[in-house]
Amino acid sequence: MTRLDRRAVGMLAGTVVLVAVMVPLAAGREQAFDTVLYATLPLVLGVVGTLIASRHPGNLIGWMLCGLALWGAVAELGEAYGYVAAERGLPGGVAGEWLISWSWIVDVTAWVVVVLLFPNGRLPGRRWRPVIWTSLAGAVLLFVGQALDASQTVDFSSGRSPLGVDSPLVAAAWPVGAALLVAGLVAAVASSVLRYRRARDVERQ
């Protein structure tokens, strides 16, 4: 039986605690399906990541899944606290609303990298490195266009982003960043197809 890695278990424990705090805060303040989904997803990712990281500690995919689980739990807790703060007039709620408004960018970028590294935790070759840099550049631009966009209203109880900036540069950052990140995602999927076609035996399974 594989011994579980203490670091991975620690990250999983943190995820469990954050989800346990998030659920009662979010329950009844958003659709029940959303609460169940966003509580279950970090836990599933955390368990799978812990098992991979423990069995194959040199494979980055396991650690990335552990990190995604912990990050997802933090973001969802921020959103849940935002609901409660807006309802009860508590301080700091807008920070949670702001966090969840752009947290998906981290998720998408991380999944691009995971797909690129799948299944052995390494890139198919050096020529795929620009895909990671392109995706990261896209993520940064998307963050600027999303987190600093003054027109963002849906995610905020106040009707406006607290860090919103009226600037054509901020407005232009979003579509450019999205295009770069989508290009990275397409390239990552293409790398998996090529890996499959070239793989043999165990790796193909």
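Here the structure is a predicted model, which is why all the values come from computation and not from measurement.

Enquirer: Help me out: how do you make sense of the packing of helix α3 (residues 60-88) against helix α4 (residues 93-117) in this one?
Expert: Pairs of packed helices are described in terms of their axes, by the angle between the two and the distance that separates them. Two elements in contact, α3 and α4, have axes whose closest approach is 8 Å; the angle formed by their N-to-C orientations is 160°. As the angle between them shows, α3 and α4 are arranged roughly antiparallel. At the point where α3 passes α4, the crossing takes the left-handed sense. Among the residues making up the contact of α3 with α4, the classes are represented as 20 nonpolar, 5 polar and 4 charged.

Enquirer: Quick question: what am I supposed to make of the side chain of Q146 here?
Expert: Note on placement: Q146 falls in helix α5 (residues 129-147). The exposure class assigned to Q146 is buried, which follows from its relative accessible area of 8%. Here W174 takes part through its side chain, which lies 2.8 Å from a polar atom of the side chain of Q146.

Enquirer: Quick question: what am I supposed to make of unusual backbone geometry here?
Expert: Most peptide bonds take the trans configuration, and most residues that are not glycine carry a negative phi. A cis amide bond links F118 to the next residue, P119, at an omega of 5°. Mapped onto the elements of the fold, P119 is located in the loop between α4 and α5.

Enquirer: Teacher, can you tell me more about the packing of α5 against helix α6 (residues 168-198) here?
Expert: At their nearest, the axes of α5 and α6 sit 7 Å apart, and the two run at 150° to each other. One element, α5, and the other, α6, form an angle in the roughly antiparallel class. As for how α5 packs across α6, the hand of that crossing is left-handed. Counting all contacts with α5, which are made through V131, T134, S135, A137, G138, L141, L142, V144, G145 and Q146, the residues of α6 involved are V170, A173, W174, V176, G177, A178, L180, L181, G184 and A187.

Enquirer: How should α4 be read in this particular structure?
Expert: Since the α-helix turns once every 3.6 residues, residues separated by three or four places project in the same direction. When the terminal C-alpha atoms of α4 are compared, their 37 Å separation across 25 residues agrees well with the 36 Å that a helix rising 1.5 Å per residue should span. The largest bend in α4 is about 35°, located at W102.

Enquirer: Help me out: how do you make sense of the environment of P162 in this one?
Expert: Mapped onto the secondary structure, P162 falls in the loop between α5 and α6. Linking P162 and W98, residues 64 residues apart in sequence, is a C-alpha distance of 7.7 Å. What P162 contacts, discounting residues up to four positions off in sequence, is V94 and F156.

Enquirer: Whenever I open this one, the nonpolar core confuses me. Can you help?
Expert: One broad trend across soluble globular proteins is that nonpolar side chains are buried collectively. In this structure, W102 and L116 are the most contacted members of the largest nonpolar core, which totals 16 residues. Listed by contribution, the elements that provide at least two residues to this core are α4, α5 and α6. By residue number, the principal contributor to this core is α4, which donates 6 residues. When near neighbours in sequence (up to four residues on either side) are disregarded, L116 contacts R122, L123, P124, W128, V131, I132, A188, S191 and R195. Judged by nonpolar contacts, the second largest core, of 9 residues, contains I61, L65, L68 and V114.

Enquirer: Would you explain helix α2 (residues 32-55) in this entry?
Expert: In this model α2 runs 35 Å from its N-terminal to its C-terminal C-alpha over 24 residues, within 8% of the 34 Å that 1.5 Å per residue would give. Every buried residue of α2 is accounted for by T35, A39, P42, L45, G46, G49, T50, A53 and S54. On its buried side, α2 packs onto α1 (6-26), α3 and α4.

Enquirer: In this structure, what is going on with the pattern of salt bridges? I would like to understand it.
Expert: Between side chains of opposite charge, a pair can form when the charged atoms approach closely. Within the structure shown, the criterion is met by 3 salt bridges. Here R29 ties to E87 by a salt bridge, and the two come within 3.0 Å at their closest N and O atoms. One end of the pair, R29, is in the loop between α1 and α2; the other, E87, is in helix α3, and 58 residues separate them in sequence. The salt bridge involving E87 is made with R88; its shortest N-O contact spans 3.9 Å. With a relative accessible area of 56%, R88 lands in the exposed category. In the salt-bridge network here, residues are joined through shared partners; they are R29, E87 and R88.

Enquirer: Looking at this structure, how should I read the environment of T40?
Expert: In this structure, T40 sits in helix α2. A sequence separation of 149 residues divides T40 from V189, and the C-alpha atoms of the two residues are 25 Å apart. Among the polar contacts listed, one links the side chain of T40 to the backbone oxygen of V36, at a separation of 2.7 Å.

What counts as what
Residues numbered from 1 in each chain as written. Predicted model: local features only at pLDDT ≥ 70, side-chain atom pairs only at ≥ 80, totals over all residues. Heavy atoms only, no water. Axes fitted to C-alpha atoms, helices over the stretch in contact; angles between N-to-C directions. Helix = DSSP H or I, 4+ residues; strand = E, 2+ residues; numbered from the N terminus. Parallel < 35°, antiparallel > 145°, perpendicular 65-115°, else oblique. Left-handed = near helix turned anticlockwise from the far one by under 90°. Nonpolar A, V, L, I, M, F, W, Y, C, P; charged D, E, K, R; others polar. Buried < 20%, exposed > 50% of the residue type's maximum accessible area, 1.4 Å probe, protein only. Polar contact = N/O pair within 3.5 Å; in protein donor to acceptor, adjacent residues only side chain to side chain. Contact = heavy atoms within 4.5 Å. Expected span 1.5 Å × (residues − 1). Bend = angle between axes of the 7 residues up to and from the residue. Core = buried A, V, L, I, M, F, W, Y, C linked by side-chain atoms within 4.5 Å. Salt bridge = Lys/Arg side-chain N within 4 Å of Asp/Glu carboxyl O.

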